[in-house]
Amino acid sequence: MRVAVHRPFTIGEVELKSRLLLGTAQYPSPDVMVRAIEASRCEVITVSLRRQNAAGGGGEGFWDIIRGLGLHVLPNTAGCRTVQEAITVANMGRELFDTSWVKLELIGDDYTLQPDPIALIEATKVLAEDGFEVLPYMTEDLVVARRLVDAGCRVLMPWGAPIGSGQGILNPYALRTLRSRLPDMTLLVDAGLGRPSQAAEAMEMGFDGILLNSAVALAQDPVLMAKAFSRAIEAGRQGFEAGLIPSREMGVPSTPTLGTPFWQQQAAGKEEGS
Amino acid sequence: MSLTVAIVGSGLLGRMLGVQLDRAGYSVSLFDRDQKDGRGSCSYVAAGMLAPTCELDSSEAEIGEMGQRSLRQWPRFLEKLPSKVFFQEQGSLVVAHRLDRGELSLLQGRVRGRIHDESLIRNVSGKELGELEPDLEDRFSEGLFFPREGQVDNRGLLQVLTETILSRGLEWISGVAVDQISPGEISFGGEKRRFDWVVDCRGLGAKTDIPELRGVRGELIRVSAPEVSIRRPVRILHPRYSIYLVPRPENVVVIGATSIESEDLSPISIQSTMELLSAAYAVHPGFAEARVLETIVGCRPSFPDHRPRMYYQQGLMRLNGLYRHGFLIAPWVVEMACHALKQGEPSAEARELGLVF
Ligand SMILES: Cc1cc2nc3c(=O)[nH]c(=O)nc-3n(C[C@H](O)[C@H](O)[C@H](O)COP(=O)(O)OP(=O)(O)OC[C@H]3O[C@@H](n4cnc5c(N)ncnc54)[C@H](O)[C@@H]3O)c2cc1C
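Fair warning: this is a prediction, and the values are worked out from it, not measured in the lab. (Residues numbered from 1 in each chain as written. Chains lettered and ligands numbered in written order. Predicted model: local features only at pLDDT ≥ 70, side-chain atom pairs only at ≥ 80, totals over all residues. Heavy atoms only, no water.)

**Quick look at the side chain of R179 of chain A**
All names here are of chain A.
Working step 1: Note that R179 resides in helix α6 (residues 172–181).
Working step 2: Owing to a relative accessible area of 2%, R179 belongs among the buried residues under this scheme.
Working step 3: Polar side-chain contacts of R179 include one of 2.8 Å to the side chain of D208. (Helix = DSSP H or I, 4+ residues; strand = E, 2+ residues; numbered from the N terminus. Buried < 20%, exposed > 50% of the residue type's maximum accessible area, 1.4 Å probe, protein only. Polar contact = N/O pair within 3.5 Å; in protein donor to acceptor, adjacent residues only side chain to side chain.)

Laid out in structure tokens, this is it:
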């Protein structure tokens, strides 16, 4: 199966130019956050609601700053551990930001923040039924991915590595499998990236976009790092669209090389093969 | 005739400024909606850490500079007060468990990027850590030491400032909210009064006039821990939070603080309680038998850039946005405020460090 190369990037019905989605947590200040977001030219920002006591109007000052940016807001359920909790927070996000989008995050392990695939599928079913555009944060498991598609997802967000770990893509094989087995899905790599080059790598693999937070927010210069990632993501995408040449094993010549006697070439070939 | 000044809001800033202006010969009146014990102020909640270098982890270099200048002023300010306030300048430590060691280098990288003076931060081995804090010997394999940091007892300070203000005979109207502030005039409880100067130190209470202000919720736990003897503030890093343990006299340790984008002042959550207490326990098992004295919640008055601001116009000065740095930078902010009133304009220094808005 082939992944369509020149296709627009959409979430729900919205077509987006930027393939970077940026988180809004952990910046030194809202001011730095705003500048980083602007520098990245991203069009979608994720916002975490869990601990703000949003229901009690708790985070108004911060929400105002977020709304003031005029971007698409993707509320997330970061910190939720049960289906019910996630559903409550998703509804809170819908009310606060007047959007049906939700990044569904359901934590199964407290240290690695690894998502709980079973609860994820369950919550997705409920939320999709209720009209939400669910963007699930998931591990790179193909079968879980299929179930999420069955439950109504049009976007999937496998992790590259645990949240905040900055380790890059730990399982390229599984991510490649996801990409080639789900060629029509919008796939974003969410979490675990630390360097712009890692984002480029994911984009070269044909992923549709990247969701980031820590790598930018915790950098020494978040504004500059936002710009760096934004460019790396564009470069990676262009590389993918341009069609990468396959890498070649140059150790063994496939055809006789001029200037080397054939018996030496044969010997070398045998040695390599033994 | 001396110039009359109304200070609205008698938290840390209002009280310190009141005392300094009184000493400088102004006729000072303080106003607060709260009682004189200051329990409703953010200042009553704080941990009182004075960490100008370590704070650079998430603050701009100017905050460090304001903090360094204030650190030099604290002893002089405290000396002149009629009673003693617990103040310490023995440095602070940052540690992390082996799994989270990456956090140490992250913090170090960000801090070193914002200082010029290398002596402000030192890498220490597990052994050196043990020499500084014998109770932590063998518990951590490395850490960071910030020699020029300290702490001040926030509540002790508020109390001694109350004594000072009362004994100097300043007018202090408490328990009444001021509902309007304008240059040279305030109104409260249906009454209007005129002054040469009005200084707005209402913290988050000034939100009605400064819409950019927002509260950042912080939660703290005070425990009594006789089995733990750490001498100086210790911060422990974790991928998702950084928690400090601030030892106070008589075995009290302040464990804090969370930082949540919210103005909610309801009691501490279970999650925050668990984070704070397990962090403390991870530093020292002696916390298991500590007694929880109190959990406290406050909202830090903050501007979007997390820097303090002075708004200055004839007859009205506003001081606000001390965020998580009130105790760290108050002496310097107060000095800048006194200077502005005296000279009729903010100083070059205040402008240079970006205080004047
Ligand atoms: C959990 C936590 C931990 C902290 N730890 C530290 C730390 O370790 N080190 C550090 O440097 N800083 C720390 N801080 C920050 C510090 O507490 C604040 O920066 C500082 O207290 C702000 O002082 P303030 O005087 O500006 O405001 P406040 O202390 O809030 O004082 C404002 C006063 O104005 C009064 N007021 C408000 N509205 C009105 C009105 N309309 N009429 C009359 N009076 C009014 C209030 O009653 C109050 O008394 C911490 C804060 C929190 C929440």
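**What to know about the site of the ligand**
Residues and elements named next belong to chain B.
Working step 1: In the neighbourhood of the ligand, 35 residues make up the surrounding shell, with D32, S43, M49, Y323 and L328 lying closest.
Working step 2: Residue D32 places a side-chain N or O atom 2.6 Å away from an oxygen atom belonging to the ligand.
Working step 3: Within the backbone of R33, an N or O atom sits 3.1 Å from a nitrogen atom of the ligand.
Working step 4: Burial of the ligand by the protein amounts to 97% of the accessible area it has alone, namely 1,000 Å².
Working step 5: Every element with two or more residues in the shell around the ligand is listed here: α1 (12–23), α2 (42–45), β14 (214–224), β18 (291–302) and α8 (326–343).
Working step 6: Classifying every residue of the shell around the ligand by side-chain character gives 17 nonpolar, 12 polar and six charged. (Near = heavy atom within 4 Å. Areas by Shrake-Rupley, 256 points an atom, 1.4 Å probe, with all protein chains shown as cover. Nonpolar A, V, L, I, M, F, W, Y, C, P; charged D, E, K, R; others polar.)

**Side note on the packing of helix α5 (residues 142–150) of chain A against α6 of chain A**
Residues and elements named next belong to chain A.
Working step 1: In the contact formed by α5 and α6, the axes pass within 10 Å of each other and the chain directions differ by 35°. Considering the relative orientation of α5 and α6, their crossing is right-handed. Where α5 abuts α6, its residues L142, A145 and R146 lie against T177, L178 and R181. (Axes fitted to C-alpha atoms, helices over the stretch in contact; angles between N-to-C directions. Left-handed = near helix turned anticlockwise from the far one by under 90°. Contact = heavy atoms within 4.5 Å.)

**Quick word on the sheet that holds strand β15 (residues 234–237) of chain B**
Residue and element names in this part refer to chain B.
Working step 1: Reading across the sheet, the eight strands line up as β6-β7-β5-β15-β16-β17-β14-β18 and stay open at both edges, with mixed pairing between neighbours. Strands at the two margins of the open sheet, each flanked by one partner only, are β6 (122–125) and β18. Each strand axis lies, on average, 25° off the axis of its neighbour in the sheet, ignoring direction.
Working step 2: Here β14 runs beside β18; their pairing, made up of 11 bridges, is antiparallel. Its bridge partner lying in β18, V216 is registered against R300.
Working step 3: Packing against the sheet, helix α4 (residues 101–112) makes contact with β5 (92–96), β6, β7 (142–146) and β15, and its axis sits at approximately 30° to β7.
Working step 4: Its contacts with the sheet put helix α7 (residues 270–283) on β14, β15, β16 (242–247) and β17 (252–256), and the angle it makes with β14 is roughly 45°. (Pairing = 2+ DSSP bridges.)

**Observations regarding the pairing of β16 of chain B**
Residues and elements named next belong to chain B.
Working step 1: Among the six residues in β16, five count as buried, and that is most of the element.
Working step 2: Inspection of the sheet shows β15 paired to β16 by four bridges, in the antiparallel sense. Bridge assignment links V234 to a residue of β16, and that residue is L245.
Working step 3: Joining the antiparallel neighbours β15 and β16 is a turn of four residues.
Working step 4: Where β16 meets β17, four bridges bridge the pair, whose relative direction is antiparallel. Pairing of V246 across the sheet is with V254, part of β17.
Working step 5: Remark: four residues form the turn of the hairpin made by β16 and β17, two consecutive strands paired antiparallel; E250 in that turn has positive phi of roughly 60°.

**Digging into the interface of chain B and chain A**
Accessible area lost during the coming together of the parts is what is often quoted as the interface size.
Working step 1: Counting from both sides, the interface comprises 27 residues of chain B and, opposite them, 20 residues of chain A.
Working step 2: Interface area for chain B against chain A, summed over the two sides, is near 1,900 Å², with a carbon-plus-sulfur share of 48%.
Working step 3: Across the contact surface, chain B and chain A share zero salt bridges.
Working step 4: At the junction of chain B with chain A, the criterion picks out six residue pairs in polar contact (both at pLDDT 80 or more).
Working step 5: Contributions of two or more residues to the side of chain B that touches chain A are made by α4, β14 and α7 of chain B.
Working step 6: Looking at the side of chain B that touches chain A residue by residue, the class counts come to five nonpolar, 11 polar and 11 charged. (Buried area = accessible area lost by both parts, 1.4 Å probe. Salt bridge = Lys/Arg side-chain N within 4 Å of Asp/Glu carboxyl O.)

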